[in-house]
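Next come the chains, spelled out residue by residue.
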Amino acid sequence: MTTQAMLDERYGRARSPRRRIVLWSVVGVLGVGLTAALAWTTVSNSLASVTATDTGFTVADAESVTVSFQITAPVGQPVACAIEAQDEDHGTVGWRVVEYPASDDHSRAFTEEIPTLALATTGFVNSCWVP
């Protein structure tokens, strides 16, 4: 039976601990670099994100819905939000995009009216973003 030690002796190969140390050092540096890149991507994406929380809605009549909501956005950045009204079958009966200028406040509250084509049963913020 041939063992690795016998093959190394026969062909003049010597296992060097230095080579193994260099290899693991390179793997360690790459691992730390990839971890740092992932952490930075996560932090930078969360700093630029916008969240919206619906606080209420009022169906005025068959032609409009009033939606109240609060947004949390980056300071000093303008924000745009798509607000939507739906009927009882979850069909969209009204849609509007509103834009807000940059502000020094991190969190702001708004009330907006959505014109509708039919009687709506709900109104909400579909999404918000930094334009």
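Here, residues in each chain are numbered from 1, in the same order as that chain's written sequence. Note on the predicted model: pLDDT of at least 70 is required for a residue's local features to be given, and 80 or more for side-chain atom pairs to be given and counted; whole-chain, interface and lining totals, by contrast, use all residues. Excluded from the side-chain calculations are hydrogens and water; all other atoms, namely the structure's heavy atoms, are used.

A word on the overall build of the protein. Scanning the protein from N- to C-terminus turns up two helices and six strands. Secondary structure elements are defined from DSSP: runs of H or I of at least 4 residues count as helices, runs of E of at least 2 residues count as strands, and each element is numbered from the N terminus. Taken from N to C terminus, the helices and strands of the protein fall in the order α-α-β-β-β-β-β-β. For 131 residues, the compact-globule estimate of 2.2 N^0.38 gives 14 Å, and the protein exceeds it by more than 25% at 29 Å. C-alpha atoms of the protein, sized along the principal axes, occupy 90 × 40 × 20 Å. Exposed residues in this analysis have more than 50% of their type's maximum accessible area, buried residues have under 20%, and partly exposed residues fall in between, with area computed by a 1.4 Å probe over protein chains only. Counting all 131 residues of the protein, 24% fall into the buried class. Should any heavy atoms of two residues lie within 4.5 Å, those residues are considered in contact. Taking contacts inside the protein between residues at least 6 apart in sequence as the whole, the part at least 24 apart equals 62%. Per-residue and other accessible areas follow the Shrake-Rupley method at a 1.4 Å probe size, with only the shown protein chains counted as cover for residues. Surface accessibility of the protein: about 9200 Å² in total, with carbon and sulfur atoms responsible for 59%. Note that His is not counted, nor are the chain ends; the positive residues are Lys and Arg, and the negative ones are Asp and Glu. Think of each charge as sitting on NZ of Lys, CZ of Arg, CG of Asp or CD of Glu. Measuring between centres, the 8 positive side-chain charges of the protein sit 43 Å from its 14 negative side-chain charges. Only C-alpha atoms enter the radius of gyration, while the globule expectation follows 2.2 Å times N to the 0.38, with N the number of residues.

What follows is about the sheet that holds strand β1 (residues 51-61). When DSSP finds two or more bridges between two strands, those strands count as paired. Pairing in this open sheet of three strands is antiparallel, and the strands run β1-β2-β5 from one edge to the other. What marks the edges here is a single partner per strand, and that holds for β1 and β5 (107-115). Adjacent strand axes in the sheet meet at a mean angle of 15°, parallel and antiparallel pairs treated alike. As judged from the nine bridges shared by β1 and strand β2 (residues 64-72), these two strands associate in the antiparallel manner. If you follow T51 over to β2, its bridge partner there is T72. Note on definitions: angles span 0 to 180 degrees between N-to-C directions of axes, and those axes are lines fitted to C-alpha atoms, for helices only across the stretch in contact.

Right, let's talk about a nonpolar patch on the surface for a bit. The patches reported here contain residues having more than 30% relative accessible area and no salt bridge. Joining distances are 9 Å for like charges and 5 Å for nonpolar side chains (Val, Leu, Ile, Met, Phe, Trp, Tyr). Salt bridge, as used here, is a side-chain nitrogen of Lys or Arg placed within 4 Å of a carboxyl oxygen of Asp or Glu. A cluster of nonpolar side chains, namely V22, V26 and L30, defines an oily patch on the protein surface of about 270 Å² accessible area. Along the chain, V26 turns up in helix α2 (residues 17-47).

Our focus in this paragraph is the sheet that holds strand β6 (residues 122-129). A sheet is described by the order of its strands in space; here three strands give the open sequence β4-β3-β6, paired in antiparallel fashion. At either end of the open sheet lies a strand with only one pairing partner, and these are β4 (92-100) and β6. Strand-to-strand twist across the sheet, computed as the mean angle between neighbouring axes with direction ignored, equals 20°.

Bringing unusual backbone geometry into the picture now. The phi dihedral of H90 is positive, around 65°, even though this residue is not glycine. Mapped onto the fold, H90 is located in the loop between β3 (79-86) and β4. Its relative accessible area of 63% is what places H90 among the exposed residues.

Time to look at the side chain of S103. Positionally, S103 belongs in the loop between β4 and β5. Under this definition, polar contacts are N or O atom pairs within 3.5 Å; protein pairs additionally need one hydrogen-donor-capable and one acceptor-capable atom, and for neighbouring residues in sequence, both atoms have to be side-chain atoms. Of the polar contacts made by the side chain of S103, one reaches the backbone nitrogen of D105; its length is 3.0 Å. Apart from the residues within four sequence positions on either side, S103 is in contact with V75, G76, Q77 and R108.

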